[in-house]
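# Structural features, examined
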Amino acid sequence: MRKVEIKFMSINEVIGLIKQGENERIEFKERVTDDLGEDICALANAEGGFILIGVRDDGKIVGCNAKKSKERVTSFLNSIVPPVKVKMEVVQIDKKELLVIKVKKANYVATIGGVAYIRIGTSKRPLSLAELGMMGAEYLIISIDSLPTSVEESEMENAYWKW
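This section reports on the structure supplied with the text. (Residues numbered from 1 in each chain as written. Predicted model: local features only at pLDDT ≥ 70, side-chain atom pairs only at ≥ 80, totals over all residues. Heavy atoms only, no water.)

## Re the overall build of the protein
Quick reminder of the rule: What counts as a helix is a DSSP run of H or I of at least four residues, what counts as a strand is a run of E of at least two, and both are numbered from the N terminus. Each residue is placed in one exposure class: buried if its accessible area under a 1.4 Å probe, protein chains only, is under 20% of its type's maximum, exposed if it is over 50%, and partly exposed if it falls in between. Two residues form a contact once any of their heavy atoms are found within 4.5 Å. Accessible surface area values rest on a Shrake-Rupley calculation with a 1.4 Å probe, where residue burial reflects the displayed protein chains alone.
A tally of regular secondary structure across the protein gives five helices and eight strands. Counting from the amino terminus, helix and strand elements in the protein follow one another as α-β-α-β-α-β-β-β-β-β-β-α-α. When each of the 163 residues of the protein is scored for burial, the buried share is 37%. Expressed as a percentage of contacts within the protein between residues at least 6 apart in sequence, the contacts between residues at least 24 apart total 67%. In the structure as shown, the protein presents an accessible area of about 10700 Å², 54% of it carried by carbon and sulfur atoms.

Printed below as a string of structure tokens:
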């Protein structure tokens, strides 16, 4: 029985990401570095995005050892609390392996080493206490607003209902 691999990105889509260059949703890394866990958290705490291992900052494809890179990425993922959702895929371009990491936007504040990071433009930074409070409140409001209620529409304050 053959194992069927389901790809989430085509080679053309990966090349399209590289052509866009680094931005608020795309990060290039020549290799897995010690701050990769921070980068994953920063993307998850922002809008999500992609990390391409084996691509220099200038967009040149240099390739990577995908198997070793995946192992290191997995160790970083084990350190992120609460866990974030990612997909990893190896793509080969010009006989060079790239590891594409797709980071999904988190529904909570993700941290690594007790610090929450956010991606701003092409860089990341730790969230301030005020930002953490605002993000936490935002997630709480969304959760509370989506809870079902047994109150009839006619019993609700009209101004609140319209709001």
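## Topic: the pattern of salt bridges
As a working rule, side chains carrying opposite charge can pair if their charged atoms are close by. Rules: We define a salt bridge as a side-chain nitrogen of Lys or Arg found within 4 Å of a carboxyl oxygen belonging to Asp or Glu.
Applying the stated criterion to the full structure yields ten salt bridges. In this structure, the salt-bridge partner of arginine 119 is glutamate 27, at a minimum N-O distance of 2.7 Å. Note that arginine 119 is positioned in strand E7 (residues 115–120) and glutamate 27 in strand E1 (residues 26–29), a separation of 92 residues in sequence. With respect to burial, arginine 119 and glutamate 27 carry one shared label: buried. The residue lysine 124 makes a salt bridge to aspartate 39 at a minimum N-O spacing of 3.2 Å. A residue pair is termed long-range when its members are at least 10 positions apart, and lysine 124 in strand E8 (residues 123–126) and aspartate 39 in helix H2 (residues 36–45) qualify at 85 residues. Overall, lysine 124 belongs to the partly exposed group, its relative accessible area being 25%. Linked by salt bridges that have partners in common, Glu27, Lys29, Asp35, Glu38, Asp39, Arg119 and Lys124 make up one network.

## Focus: the side chain of glutamate 89
This is how it is decided: Polar contact is the term for a pair of N or O atoms within 3.5 Å; when the atoms are in protein, one must be able to donate a hydrogen and the other to accept it, and sequence-neighboring residues count only if both atoms are side-chain atoms.
Looking at the secondary structure, you find glutamate 89 in strand E4 (residues 86–93). Side-chain polar atoms of glutamate 89 contact the backbone nitrogen of methionine 9, separated by 3.4 Å. Setting aside anything within four residues of it in sequence, one finds glutamate 89 in contact with Lys7, Phe8, Met9, Leu98, Leu99 and Val100.

## Describing the side chain of asparagine 45
Within the secondary structure, asparagine 45 sits in helix H2. When its relative accessible area of 3% is taken as the criterion, asparagine 45 is described as buried. A distance of 2.8 Å separates the side chain of asparagine 45 from the backbone oxygen of tyrosine 117, its partner in a polar contact. When neighbours within four sequence positions are excluded, asparagine 45 is seen to be in contact with Tyr108, Val109, Ala110, Ala116, Tyr117, Ile118, Leu127 and Met135.

## As for the pairing of strand E5 (residues 96–103)
How we decide: For two strands to pair, DSSP has to find at least two bridges joining them.
Bridge analysis of strand E2 (residues 49–53) against E5 gives five bridges, and the strand direction is antiparallel. What sits directly across from leucine 52, in E5, is valine 100. The pairing of E4 with E5 spans eight bridges and is classified as antiparallel. Within E5, the position partnered with valine 90 by the bridge is leucine 99. As consecutive antiparallel partners, E4 and E5 are separated by two residues, and within that stretch aspartate 94 has a phi angle of approximately 50 degrees, a positive value.

## Some points on the nonpolar core
To be explicit about the condition: To define a nonpolar core, start from buried Ala, Val, Leu, Ile, Met, Phe, Trp, Tyr and Cys residues and group those joined through side-chain atoms within 4.5 Å.
Ranked by internal contacts, the top residues of the largest apolar core, which has 22 residues, are Leu36, Ile40, Ile51, Ile53, Val73, Ile80 and Ile101. Of all the secondary-structure elements, those providing two or more residues to this core are H2, E2, helix H3 (66–77) and E5. Residue contributions to this core peak at six residues, all from H2. Met9, Leu17, Ile61 and Ile93 belong to the second largest nonpolar core, which has 14 residues in total.

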